[in-house]
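One-letter residues, chain by chain:
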Amino acid sequence: MIRQRPTTQTGVGMMEILVSLFVLSVGLLGVASLQFTGTFNNVQSVSRSQGELVARYVAEQLVAVAEPSSTDDGWEIDDAFFNANVYNFQNVSCNASSNNYQCLCLTLPAGIPNCRGAQCSVNDLATFTGWEASCQAVRSNPNMWLSVTCSDRDAGDAKLCTSGSLVSIAVSWPVKSSTGNSVQADSRCAITGSTNRACVIKEITL
């Protein structure tokens, strides 16, 4: 009696190939997701770094223009620097481009006094400083917004910011999660009315 040897399977079956392709696809999707998240975090890091630089620049300018108070031994900043219209290009316009930096910052716009190395009045210096700070803000992120406010410790006098008051410089930008969803950020960043913003806030007291 002749016995037949059992047959053995050689090679790779279709099922093994499909399983391998599935595992490979899952791995590639994971790598792509990590790369997207890393890019998102990098954009936010650039915006935060630029916001820090802008806030520091404004703080330095405010300290430089502060003058001794006439009523006490503190220092005061002229009211012109707390005029919201001098920031975020509120007093200039350009129809040539939707990019504010290219349109309004590469050359000095009409209506902005040139205070580089020249004597300027306080109002002109505030306008120039606001324009220059706004240009720095939108250079890396066109949606950045700058705000300079004062928590006046003496609301009874004529000054908007009495000596010893807290001056807040906020630079904010819109932010979403890496999946495109809105996020709840610091309520202090809602200087444009939207809460979905991140910000850098620098505070000084003169």
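That block above? That's the structure.
Residues numbered from 1 in each chain as written. Predicted model: local features only at pLDDT ≥ 70, side-chain atom pairs only at ≥ 80, totals over all residues. Heavy atoms only, no water.

A. Summary view of the state of the cysteines. This structure, assessed with the given rule, holds four disulfides. In this model C150 forms its disulfide with C161; the gap between the sulfur atoms is 2.0 Å. Taking the sign of the S-S torsion, about 80° here, the bridge from C150 to C161 comes out right-handed. Of the two residues, C150 sits in strand 3 (residues 145–151) while C161 sits in the loop between strand 3 and strand 4 (166–174), which places them eleven residues apart along the sequence. Here C189 engages in a disulfide with C199; their sulfurs sit 2.0 Å apart. Its torsion about the S-S bond being -60°, the disulfide of C189 and C199 is classed as left-handed. Of this pair, C189 sits in the loop between strand 4 and strand 5 (197–205) while C199 sits in strand 5, placing them ten residues apart in sequence. In terms of burial, C189 and C199 fall into one category: buried. (Disulfide = S-S within 2.5 Å. Helix = DSSP H or I, 4+ residues; strand = E, 2+ residues; numbered from the N terminus. Buried < 20%, exposed > 50% of the residue type's maximum accessible area, 1.4 Å probe, protein only.)

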